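# Structural description and commentary
Given next are the chains, with one letter for each unit.
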Amino acid sequence: MKKLFAISAAASLAFCIFAASRPDATLVVTYDFERCRHDVDSLEYSKDQMVLQLAPTASRFFSAKTEFFDSLHSAPGGAKLIQQMQMDALNSSGGIKRDASGNITSISVDAKAMENVPSRGFLMCVYKDMDKGEMTVYDGIQGPSDVRYTYSLPVDEIDWEPGDSVATILGYECQNATGEYHGRVWEAWFASDLPLPDGPWQLCGLPGLILKATTADDEYRLTATGVHSAAEPIKDLPGDPEIEKIDRREFLKMLDKTHRDPGAMYGFSMPQEVFHDLIETDYK
């Protein structure tokens, strides 16, 4: 109980550090984001819970898991607390093997023991500014570097084709539409009763909030799990990450390269076969 209280207190402190430079969100939507594991020859998904904070003309889309980790890690004592929890989980599950002198000889990770240890989820974060007609994307590569890469995009790149199907999602009647975006065809379901031309990730531009979106090949899926009113600031990235501007396609090429050889980030080669492409495929 004391440890959980310490986590909550540290994370709350970190959230308070950032000055609100954007309008307050009046609506918050949570989404399940599922993407096919690129290294598995089947539709096996990695999952995360994402959050879309919405103001009338601005929004922010991010991983709740990553937000919590980065906020806690940047708070006083937060990094040490996370490290201690990691070691406690490894020790309690027998994950650390030592020789007679106490030296570590091997480390294995027990997924169940690590369930309650804070860790990052997806690194993507998207800010949209409808007044300016642009979005700012932050993303990174899982590995030893904490650098976040950033680039800007217009918000009107998708030419949506309205469909004639309807579905009820979280009690809202939704209509479907299809559109091509950066190499993939998306089907989106939007709610006219939520008259915001926004949606999860980089998807937007319909006469209602997008509550569900899937790629034609079902490799990427975004599904709303909750909608509620709010009065909370749309904040900057937690902590003080190193941020590097980059061309979008160059970032995607770099990300694809690390998928094909994840060992390269650590200074050695470990090539692997890739079965599923990135969420944007027009970088090639």
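Just so you know, these numbers come straight off a predicted model, no measurement behind them.

Attention shifts here to the nonpolar core. In this structure, Val29, Phe61, Trp186, Trp201, Leu209 and Leu211 are the most contacted members of the largest nonpolar core, which totals 50 residues. Of the residues forming this core, the biggest block, five residues, is contributed by strand E11 (residues 184-191). Once residues lying within four places of it in the same chain are set aside, the contact partners of Val29 are Met50, Val51, Leu52, Leu54, Leu209, Leu211, Ala224, Gly226 and Val227.

If you check which residues of helix H2 (residues 64-74) are buried, you get Thr66, Glu67, Phe69, Asp70, Ser71 and Leu72. Sitting at the head of H2, Ser63 places a side-chain oxygen 3.3 Å from the backbone nitrogen of Lys65.

Another aspect to go through is the side chain of Asp256. Assignment of secondary structure puts Asp256 in helix H4 (residues 248-260). In terms of polar contacts, Asp256 uses its side chain to reach the side chain of Arg260, at 3.0 Å. A polar contact is formed between the side chain of Asp256 and the side chain of Tyr283, at a distance of 3.2 Å.

Within the secondary structure, Gln53 sits in strand E2 (residues 45-54). Given the relative accessible area of 5%, Gln53 is considered buried. There is a polar contact of 2.8 Å between the side chain of Gln53 and the side chain of Glu232. A distance of 3.3 Å separates the side chain of Gln53 from the backbone oxygen of Pro233, its partner in a polar contact. The contact partners of Gln53, leaving out residues within four places of it in the chain, are Ala25, Leu27, Val28, Ala58, Ser59, Arg60, Phe62, Glu232, Pro233, Ile234 and Lys235.

The next thing to look at is the pattern of salt bridges. Inspection of every chain in the model, using the stated rule, returns 19 salt bridges. Residue Arg37 is joined to Asp39 by a salt bridge in which the shortest nitrogen-to-oxygen separation is 3.3 Å. Since its relative accessible area comes to 31%, Arg37 is described here as partly exposed. Across the salt bridge formed by Arg260 and Asp256, the nearest N and O atoms sit 3.0 Å from each other. On the criterion of helical spacing, the pair formed by Arg260 and Asp256 is a turn pair, its members being four residues apart in helix H4. By relative accessible area, Asp256 is classed as buried at 12%. Through salt bridges with shared partners, a single network forms among Glu34, Lys47, Asp218 and Arg221.

Moving on, we come to the pairing of strand E6 (residues 125-129). Counting buried residues along E6, four of its five residues qualify, which places the element largely inside the surrounding structure. Two elements, strand E3 (residues 58-63) and E6, share five bridges in a ladder whose sense is antiparallel. The residue of E6 that forms the bridge with Phe62 is Cys125. When E6 meets strand E7 (residues 134-139), the two strands line up antiparallel, connected through five bridges. Within E7, the position partnered with Tyr127 by the bridge is Thr136. Following E6, the chain reverses through four residues before pairing antiparallel with E7; Gly133 in that reversal takes a positive phi of roughly 70°.

In a beta sheet, neighbouring strands pair by backbone hydrogen bonds and run either parallel or antiparallel. Reading across the sheet, the twelve strands line up as E9-E10-E11-E12-E13-E1-E2-E3-E6-E7-E8-E14 and stay open at both edges, with mixed pairing between neighbours. Since the sheet does not close on itself, it has two edges, and those belong to strand E9 (161-169) and strand E14 (243-245), each with one partner. Strand-to-strand twist of the sheet, defined as the mean angle between neighbouring strand axes without regard to direction, takes the value 25°. H2 contacts E2, E3 and strand E8 (148-154) of the sheet and is inclined by roughly 80° relative to E3.

So, how was this worked out
- Residues numbered from 1 in each chain as written.
- Predicted model: local features only at pLDDT ≥ 70, side-chain atom pairs only at ≥ 80, totals over all residues.
- Heavy atoms only, no water.
- Core = buried A, V, L, I, M, F, W, Y, C linked by side-chain atoms within 4.5 Å.
- Buried < 20%, exposed > 50% of the residue type's maximum accessible area, 1.4 Å probe, protein only.
- Helix = DSSP H or I, 4+ residues; strand = E, 2+ residues; numbered from the N terminus.
- Contact = heavy atoms within 4.5 Å.
- Polar contact = N/O pair within 3.5 Å; in protein donor to acceptor, adjacent residues only side chain to side chain.
- Salt bridge = Lys/Arg side-chain N within 4 Å of Asp/Glu carboxyl O.
- Pairing = 2+ DSSP bridges.
- Axes fitted to C-alpha atoms, helices over the stretch in contact; angles between N-to-C directions.

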